[in-house]
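Listed below are the residues making up each chain.
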Amino acid sequence: MRIYDVSVPLSSNTPRYPGDPEIKITQLHNLLTGDSSNLSAIQCGAHAGTHVDAPAHFIQGARRVDSLSLDVLMGEALVVEVPVSNHLIDAALIDQINLAGTRRVLFKTRNSDFWNETEFRSDFTAIDAGAAQNLVELGIELVGVDYLSIEKFGSEKFETHHILLSRGVVIVEGLDLRKVPAGKYELICLPLRLAEGAGDGAPARTVLRTIDDESSSV
């Protein structure tokens, strides 16, 4: 079994979506200066790095991040590799993928290479409204992407978010899938259980584990 950590390391150099708070990690206590312990303070937005979007992100009164079902956040997931020539995941592309019986799908796109850069890239590959509608109709419960938003940059209506979140589909953004081949994995995605604020989302440590063949299991 192999484990892939698909979480983006958080630091002041981690790309962030325009308008989001800066990421600051400050050391408050330091053993080297005579303090009794090391102690750090973390300041960032709820959508920093690898994170989960809860329905409350765009829908007033909808489910908050601290009440999301672990049954959706953990389980078998399909990693789909999108050709680098695709700058948009549309309905036609979804129609070409066999998603029968799939509950969770993660899209590996040209975006994954953007994590090699510290500046935000606005030309990332996104998912359009038609593709989102297809995913809902296929019964998908969790959708993940390998950059900081599932929505095309500059969107004003945020249709993709609304289509998915209004149907209770959990969105995972900011995955680092550079080293992950396409295929089926066990997903473990655990967002911070933030009990205050809008409940719109939270950073999440996220890993993928390879699924052993039945023939090799003990």
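In short, a report on the structure. Here the structure is a predicted model, which is why all the values come from computation and not from measurement.

### Focus on the nonpolar core
Consideration 1: Judged by nonpolar contacts, the single largest core of 24 residues is most densely connected at Ile 89, Ile 94, Val 105, Phe 107, Ile 127, Leu 135 and Val 143.
Consideration 2: Only strand S5 (74-81), helix H2 (91-95), strand S7 (104-108), helix H3 (129-137), strand S9 (142-145) and helix H4 (159-166) provide two or more residues apiece to this core.
Consideration 3: Ranked by the residues each element gives to this core, the list is headed by H3, at four residues.
Consideration 4: Apart from the residues lying within four places of it in its own chain, the contact partners of Leu 135 are Ile 94, Leu 99, Val 105, Phe 107, Ile 140 and Val 143.
Consideration 5: Counting residues in each nonpolar core, the second largest holds 23 residues, with Tyr 4, Val 52, Ala 54 and Val 79 among its members.

### Some thoughts on the packing of H3 against H4
Consideration 1: It is at 8 Å that the axes of H3 and H4 come closest, and there the two elements cross at 10°. By the criterion of interaxial angle, the relationship of H3 to H4 is roughly parallel. Of H4, the residues touching H3 (which contributes Ala 129, Ala 132, Gln 133 and Val 136) are Glu 159, Thr 160, Ile 163 and Leu 164.
Consideration 2: When the residues that make up the contact of H3 with H4 are grouped by side-chain class, the tally is five nonpolar, two polar and one charged.

### Focus: a nonpolar patch on the surface
Consideration 1: Side chains of Leu 10, Ile 25 and Ile 42 sit close together on the surface and give an oily, nonpolar patch of about 290 Å² of accessible area.
Consideration 2: For Leu 10, the location among the structural elements is in the loop between strand S1 (3-5) and strand S2 (24-29).

### Topic: unusual backbone geometry
Consideration 1: Its identity as a non-glycine residue notwithstanding, Phe 158 has a phi of 55°, on the positive side.
Consideration 2: You can see Phe 158 is positioned in the loop between S9 and H4.

### Let's talk about the pattern of salt bridges
Consideration 1: Going through the model one piece at a time under the given rule, you end up with 10 salt bridges.
Consideration 2: Between Arg 209 and Glu 186 there is a salt bridge, with the nearest N and O atoms lying 2.7 Å from each other. In this pair, Arg 209 sits in strand S12 (residues 201-210) while Glu 186 sits in strand S11 (residues 183-191), placing the two residues 23 residues apart along the sequence.
Consideration 3: We classify Arg 209 as partly exposed; its relative accessible area is 26%.

### Topic: the state of the cysteines
Consideration 1: Enumeration over the complete set of coordinates arrives at zero disulfides.
Consideration 2: Here Cys 44 stays free of any disulfide, with the sulfur of Cys 189 as its closest cysteine sulfur at 15 Å.
Consideration 3: Judged by its relative accessible area of 0%, Cys 189 is buried.

### Notes on H4
Consideration 1: Among all positions in H4, only Thr 160, His 161, Ile 163, Leu 164 and Leu 165 are buried.
Consideration 2: Contacts made by the buried residues of H4 are with strand S4 (51-53), strand S8 (126-127), H3 and strand S10 (170-173).
Consideration 3: At the exit of H4 stands Gly 168, carrying a positive phi of roughly 80°.

### A word on the pairing of S5
Consideration 1: Here six bridges tie S5 to S11, and the two strands are oriented antiparallel to one another. Bridging from a neighbouring strand, Glu 76 pairs with Glu 186 of S11.
Consideration 2: Across four bridges, S5 lies against S7 in parallel orientation. By the bridge assignment, Leu 78 is partnered in S7 with Val 105.

### A look at the environment of Phe 107
Consideration 1: Mapped onto the elements, Phe 107 comes out in strand S7.
Consideration 2: Remark: the alpha-carbon pair of Phe 107 and Tyr 185, spanning 78 residues in sequence, is separated by 13 Å.
Consideration 3: Not counting the four nearest positions on each side in its chain, Phe 107 is found in contact with Val 80, Val 82, Ile 89, Ile 94, Ile 97, Ile 127, Leu 135, Val 143, Gly 144, Val 145, Asp 146 and Leu 177.

### A closer look at H3
Consideration 1: All of the buried residues in H3 are Ala 131, Ala 132, Asn 134, Leu 135 and Val 136.
Consideration 2: At the N-terminal boundary of H3, the capping side chain belongs to Asp 128, with an oxygen 3.2 Å from the backbone nitrogen of Gly 130.
Consideration 3: Among the residues trailing H3, Gly 139 stands out with phi positive, at a value near 85°.

Parameters at a glance
Residues numbered from 1 in each chain as written. Predicted model: local features only at pLDDT ≥ 70, side-chain atom pairs only at ≥ 80, totals over all residues. Heavy atoms only, no water. Core = buried A, V, L, I, M, F, W, Y, C linked by side-chain atoms within 4.5 Å. Buried < 20%, exposed > 50% of the residue type's maximum accessible area, 1.4 Å probe, protein only. Helix = DSSP H or I, 4+ residues; strand = E, 2+ residues; numbered from the N terminus. Contact = heavy atoms within 4.5 Å. Axes fitted to C-alpha atoms, helices over the stretch in contact; angles between N-to-C directions. Parallel < 35°, antiparallel > 145°, perpendicular 65-115°, else oblique. Nonpolar A, V, L, I, M, F, W, Y, C, P; charged D, E, K, R; others polar. Patch = residues over 30% accessible without salt bridge, like charges linked within 9 Å, V, L, I, M, F, W, Y side chains within 5 Å. Areas by Shrake-Rupley, 256 points an atom, 1.4 Å probe, with all protein chains shown as cover. Salt bridge = Lys/Arg side-chain N within 4 Å of Asp/Glu carboxyl O. Disulfide = S-S within 2.5 Å. Pairing = 2+ DSSP bridges. Polar contact = N/O pair within 3.5 Å; in protein donor to acceptor, adjacent residues only side chain to side chain.

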